[in-house]
Every structure is written in C-alpha cells, then in structure tokens.
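This is what each chain is made of:
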Amino acid sequence: MRKEVVVAAALTATATVVVAAALLRQWKRKKQRQWRETQKILRKFARDCATPVPKLWLVSNALVSDIKACLASSGTITTLNMLVSYVAPLPSGDEEGLYYGVNLRGTNFLILCARLGGKNKPISDLYREEIPIPSNLMAATSKELFDFVAVELGKFISEHPDGQADSVEGNKLGCIVSCPVDQAVVSHGTAIKWKSFSADSKVGKKLVSDFNQALEEHGVNLRVYAMVDDTVGNLAGGRYYNKESVAAVTLAMGTDAAYVEPADAALQWHGPSPKLGEMVISTQWGDFSSPHLPITIFDTCLDAESSNPGRRRFEKLISGMYLGEIVRRVLLKMAQETALFGDHVPSKLMTPYQLSSPDMAAMHQDASDDREIVGEKLTKVFGITSTSPRVREVVSEVCDIIAERGARLAGAGILGIIKKLGRIENKKSVVTVEGGLYEHYRVFRNYLNSSVWEMLGNDLSDNVVIEHSHGGSGTGALFLAASQMDMQNDEPDPDNDNDDPDSDNNDHDHDPDLDADT
C-alpha cells in the first residue's frame, strides 16, 4: 500500500511538472507573440515616419510654392498665413550702446538690457529678469497688462544704474512676443495667448500705443516703435552678427520661421518702401501642410483631438509641444495591444501630454548600457516601475523615430526658404535657430543639421550655415531696439494711425485681437 502511495505521489509530481512546463511554454510563446507584435508596430511606425532625401525635397518645394502664392496675393489658397513685419532696416552690426528689451510670453515676461559694442565685439553688461504675470492680469486688458510691465521695467532700470548715462529722450525699447502655442495643452495653468498679428495692423498699432502710453504714465524714458514675434527678433540678432543672415527659426514649444525678402517680391507690401529694399516676413510656417508630410495615424488622432483640428499640422510634427505626446500615443498602443509594460495598461500612460519633450529627450539621449535613465523616466512620468532592458530600448527607438522625423522636416523647411530666395547654389546663407528644442536636445539638433547636409550634398553643403542664436532667449528684443535707432526721424509716429493715409488698407483679414483667454 505504501509503495502505491509513493508511486501515485511521483506520478502526481510528474504531472505537475509537465503541466508547469506546458504553462511555461505557453507563456513564453505568448510573450514571443507579443514581442513580435511590438516590433511590427515599431517597424510600421518607422516606415510611416521615414524622411528620405527625395521626400524632404518634395516638402521643401511645397513650402516654396505656398510662400510664392501667399506673396502674390493672387487668391490662390495656401496653408500659410504670412505676415509682413515692418522692422526694416535690420541691424548692420555697427550699433553701439545700451539697449532694453521686453519679451512677452504666456505666463511671464522677460526684461533685458545689454550693451552692444559694434562690429566684432560681444554683448556685455547683459542683465535679464523673468517676472511672472499675476493671475488677475491673465484676463485683463492689454492696457492693464502694459501698466504692470511698465512698472516692473521702471524698477529694473533703477536697479541697473550703470546704464542711466545712456538714457536720452526717445530711447528705444525692443518688444517681442513669443510664438503662440495650443492653449488647450499648456500644462502649467492659465496663460495669456498672444495671437499672431501684423505689426502694421490696427491691432499691432494699438498694442504699441497702449505700451507707450503706459511707459509715459509711469515715467519710463523708453519708447516702443514695433512689436514683433520672437523669430523676427532672432533674425535681427543674426543680422547684427552676420550680414549673410537671411532667416531665423524658432524651435521651442511652438515654431515659426522668418526671413528677409526683397520688398518688390511681395504685393502685400502697403506703405513706404523699406530701407535697403528689403523687408522681414514671418512665415507662420506652423500652419504649413502638404500631402508630402509623413503623417501617421498617431498624428491624425492627435490633430483630431486638439483644440485646432486641421491646423498647425507642421507645428504638430516638429515642435516641442507635441513630440512627447506622439511618443506617449505610440507607447500606449503598444501597451494596449502587446502588453509592453505588463498585463495592465498604466493609468498615467493614458493621460494626454503626460510626457514632456525634455523628458523625451532625456530618454532618447540615454547612452547607458541598460538605458537606466529611460527606466527612471518611465517610473517618474508614467508610474511604470519594472521594465526590462529590451523594453527600454523600444521606448528609446520610438523617441528616436519621432525626433528624427521632426528635425529633418525642420531642415527641409529651412532649405525651402533658402531655395525661395534663390541662394542655394551660388550664395552663402546663415540661418539663426533659437529655442530649447534646438539648444538642449542634442540629437534633434544633429538630425536637423545632417538633413540639411544630405539634401545639399557635398558640393553645396557649405552654402547654408545653421547657427544658434546669440545671447540666448529674448535678446532679439535688444537687437530690434538697436535696429530702430536710426528710424526716429524717418518713421511716422507709431501711436498715430493718421501718419499713413493707407493705414485702413493695411489690415489683413487674419489679424486677431490680443487674447487673454483663461
């Protein structure tokens, strides 16, 4: 009897082992199947995002066509909504002296002052202060906001008395407005949404007038002659250092590009001809769209769920606001369909805009053997506490695909502008790039530069030079102030609409008011 019990126990144990082995094989097959599905999604996404040089040139040529059509004002429908910026002439590089600038942003503004030393001399005595905009002013009028800015500007000037000797009647203040971003996805609460406007429109003139009135009422001995977006300011900075600087690009949370156009090339130009026969145009290229853009199902869903579906398609592919969100959407699909992060989908992975572009960049640029930073970011951002090295490698590859696509498309856009100017084959062109995406995301920056080199080839690659902006964020306002110094006796009063008999004709249908939406 005892022997039979032993035999039965042995058979039971053997059966248990067999069952366990079968379950283990079944589990392994399931994991292998899931892994193959993960790789399948990854490979398809990579194909859909591919940007070979011929496709990049198709994108560039489409941008050239849209720019030409927009300039011609021929009634041709384009995706661009370009704005003429009446800031000519740009700096020559000879400007010297102390200048002040203000950079108006969503939840704060930046005040700067610096001394320009003329040709071949760096900026000196640079001071900057970032000031938060009180919540009660987020929904205030522009006049109330400018009153607050004027008071803070007066304090700033008094704290830097070394510049007082330079103060003279009519001293110029440069003022720039940062690129607008999608209000619905601003993660840090309410923010003023500065919409795009023509500097010569009634809206632009009113903002300048309100600002100057506030400066006068608060005893600040400075005067604004123009208010433009920060990309135009960056172009002014590029021209100060290099006369071959013909374009500027902002690659940050939002994106835009500005360039120098011969005045006779645009029929939109109303009013006196600019000095040197050139003008600055803000392309508003975030709105650019083309069938040649490599748009995936993830981009289509992001666009449909945004506050501006069908618009800002180019921006949604290349700007810092959206890159991390596309990564999240791809990872979510993998988590749902292939259990990439386990049997349960992490709840935070389902939260839109949970992944910022800086965190994406940190994961992408993790060079450790086991992608330890990737693991740390997955835990911190999504609450995913346990991942294998190969899972972390997949996350890094997703980041790489999205960053490469965005950077190469930005490079194609840059060459589109240079091609429009006819400078690719026989002239050197310098393009100034500003923004945290370009400055801090090293791999993104490298992909952008390499795309330009690949598109031009060895024979022409030296003709286009990409430079990071001089002086850092907001300094474009200083160079803008410098460019205005010779305009005091030549330009009409910016506060007086009657100086331009055609002023009523200068309003474009797309000129919106300053929003203070909450």
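Residues numbered from 1 in each chain as written. Predicted model: local features only at pLDDT ≥ 70, side-chain atom pairs only at ≥ 80, totals over all residues. Heavy atoms only, no water.

- In the nomenclature of an unreviewed UniProt entry, the protein corresponds to Phosphotransferase from the organism Prunus armeniaca.
- Recorded in UniProt under Sequence similarities (unreviewed entry), the annotation for the protein is "Belongs to the hexokinase family." (UniProt positions renumbered as here; feature names shortened; annotations may be inferred.)

**Brief notes about the sheet that holds strand β11 (residues 464–468)**
Inference 1: Strand order in this open sheet of six strands is β1-β9-β8-β7-β10-β11, and the pairing throughout is mixed. Each having just a single partner strand, β1 (83–85) and β11 make up the two edges of the open sheet. Averaged over neighbouring strand pairs, the angle between their axes works out to 25 degrees when direction is ignored.
Inference 2: In this sheet, strand β10 (residues 429–434) lies alongside strand β7 (residues 245–251) in parallel orientation, the contact comprising five bridges. When the sheet's bridge partners are listed, Ala247 is paired in β10 with Val431.
Inference 3: Of the strands in this sheet, β7 and β11 touch helix α13 (residues 442–460), which is tilted by about 165 degrees from β11. (Pairing = 2+ DSSP bridges. Helix = DSSP H or I, 4+ residues; strand = E, 2+ residues; numbered from the N terminus. Axes fitted to C-alpha atoms, helices over the stretch in contact; angles between N-to-C directions. Contact = heavy atoms within 4.5 Å.)

**Some points on the packing of aromatic side chains**
Pairs of aromatic rings are described using the distance from one ring centre to the other and the angle between the two planes.
Inference 1: In this structure the tally under the stated criterion is eleven aromatic pairs.
Inference 2: Plain terms: the ring middles of Tyr241 and Phe479 are 5.8 Å apart, the flat faces sit at 75 degrees to each other, and that makes the pair edge-to-face. Of this pair, Tyr241 sits in helix α5 (residues 230–241) while Phe479 sits in helix α14 (residues 476–483); the two residues are 238 residues apart in sequence, bridging distant segments of the chain.
Inference 3: Judged by relative accessible area, Tyr241 falls into the partly exposed class, the value being 31%.
Inference 4: Ring geometry for Phe288 against Phe314: centres 5.5 Å apart, planes inclined by 80 degrees, an arrangement best described as edge-to-face. Note that Phe288 is positioned in the loop between β9 (278–282) and α6 (297–305) and Phe314 in the loop between α6 and α7 (315–318), a separation of 26 residues in sequence. (Phe/Tyr/Trp six-rings, centres within 6.5 Å; stacked < 30°, edge-to-face > 60°. Buried < 20%, exposed > 50% of the residue type's maximum accessible area, 1.4 Å probe, protein only.)

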